[in-house]
Amino acid sequence: MMSDFALKSSNTLRAKRRGKLGGSIALVGALILGSAAAIPAHAQGTKIGFVNTERILRESGPAKTAQSKIEAEFKKRDDELQRLNNSLRSQAEKFDKDAPVLSESDRVKRQRELSNLDTDLQRKRREFQEDFNRRRNEEFSGIVSKANEAIKRIAEQESYDLIIQDAVTVNPRIDITDKVIQSLGK
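Now for a look at the structure at hand. Everything quoted here is computed from the prediction, not taken from an experiment.

Conventions we followed
- Residues numbered from 1 in each chain as written.
- Predicted model: local features only at pLDDT ≥ 70, side-chain atom pairs only at ≥ 80, totals over all residues.
- Heavy atoms only, no water.
- Buried < 20%, exposed > 50% of the residue type's maximum accessible area, 1.4 Å probe, protein only.
- Helix = DSSP H or I, 4+ residues; strand = E, 2+ residues; numbered from the N terminus.
- Contact = heavy atoms within 4.5 Å.
- Axes fitted to C-alpha atoms, helices over the stretch in contact; angles between N-to-C directions.
- Left-handed = near helix turned anticlockwise from the far one by under 90°.
- Nonpolar A, V, L, I, M, F, W, Y, C, P; charged D, E, K, R; others polar.
- Patch = residues over 30% accessible without salt bridge, like charges linked within 9 Å, V, L, I, M, F, W, Y side chains within 5 Å.
- Areas by Shrake-Rupley, 256 points an atom, 1.4 Å probe, with all protein chains shown as cover.
- Salt bridge = Lys/Arg side-chain N within 4 Å of Asp/Glu carboxyl O.

Here the focus is unusual backbone geometry. Here the phi dihedral of Ser159 falls at roughly 55°; this positive angle occurs in a residue that is not glycine. Residue classification places Ser159 among the exposed positions, given a relative accessible area of 51%. A positive phi angle is found at Asp166, which is not glycine, with a value near 55°. Among the structural elements, Asp166 can be located in the loop between strand S2 (162–165) and helix H5 (177–185).

Encoded structure:
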């Protein structure tokens, strides 16, 4: 024979189990109804497209033109950096050869000069890279704007419901990047 406490405890446990089971059944029912509601949307023929922005910035005519323009604009500074780098390297090699016969003060002096040249070269490289990246971003932001306009035009003309840019994996069947690149070439 069970005590009143044991009976109440077991009834409470059963009620909790029924509550959890009832919640699980309700969740499963909601998922089934949600899936059923999604089927008509898919059955209506949702049209999805994908665009690879990186490819547009690498392969489109405006991107290639901008890249050539930027490279020409920075060629003189790049050549100067190469010249400074070669000069520093040759001075370092000369120092390595001369170091055994140099006096301590001359050796310290030339090491300091080489260190100063290296610091200056690193600063100039950093400035060059920052300027180059800033200029590249300026040019390519205009291309991205034009690409977005082309994407919107294609979406309207071909009745796309959704166009995704830059996904992890995509079926090539929905990739419209070539259409966007062609549109930018016009």
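Looking now at the side chain of Arg55. Of note, Arg55 is situated in helix H2 (residues 53–59). Owing to a relative accessible area of 17%, Arg55 belongs among the buried residues under this scheme. With residues near it in sequence (within four places) discarded, Arg55 still touches Ser60, Asp175, Thr177, Asp178 and Ile181.

Here we take up the packing of helix H4 (residues 104–157) against H5. Where H4 meets H5, the axes come as close as 9 Å, and the angle between the chain directions of the two elements is 115°. Note on packing geometry: the crossing formed by H4 with H5 is right-handed. Note on element contacts: H5 touches H4 through Lys179, Val180, Ser183 and Leu184, opposite Lys146, Ala147, Ala150, Ile151, Arg153 and Ile154. Broken down by class, the residue content of the contact of H4 with H5 amounts to six nonpolar, one polar and three charged.

This paragraph deals with a nonpolar patch on the surface. On the surface, a nonpolar cluster with roughly 220 Å² of combined accessible area is contributed by Ile48, Leu162 and Ile164. Mapped onto the fold, Ile48 is located in strand S1 (residues 48–51).

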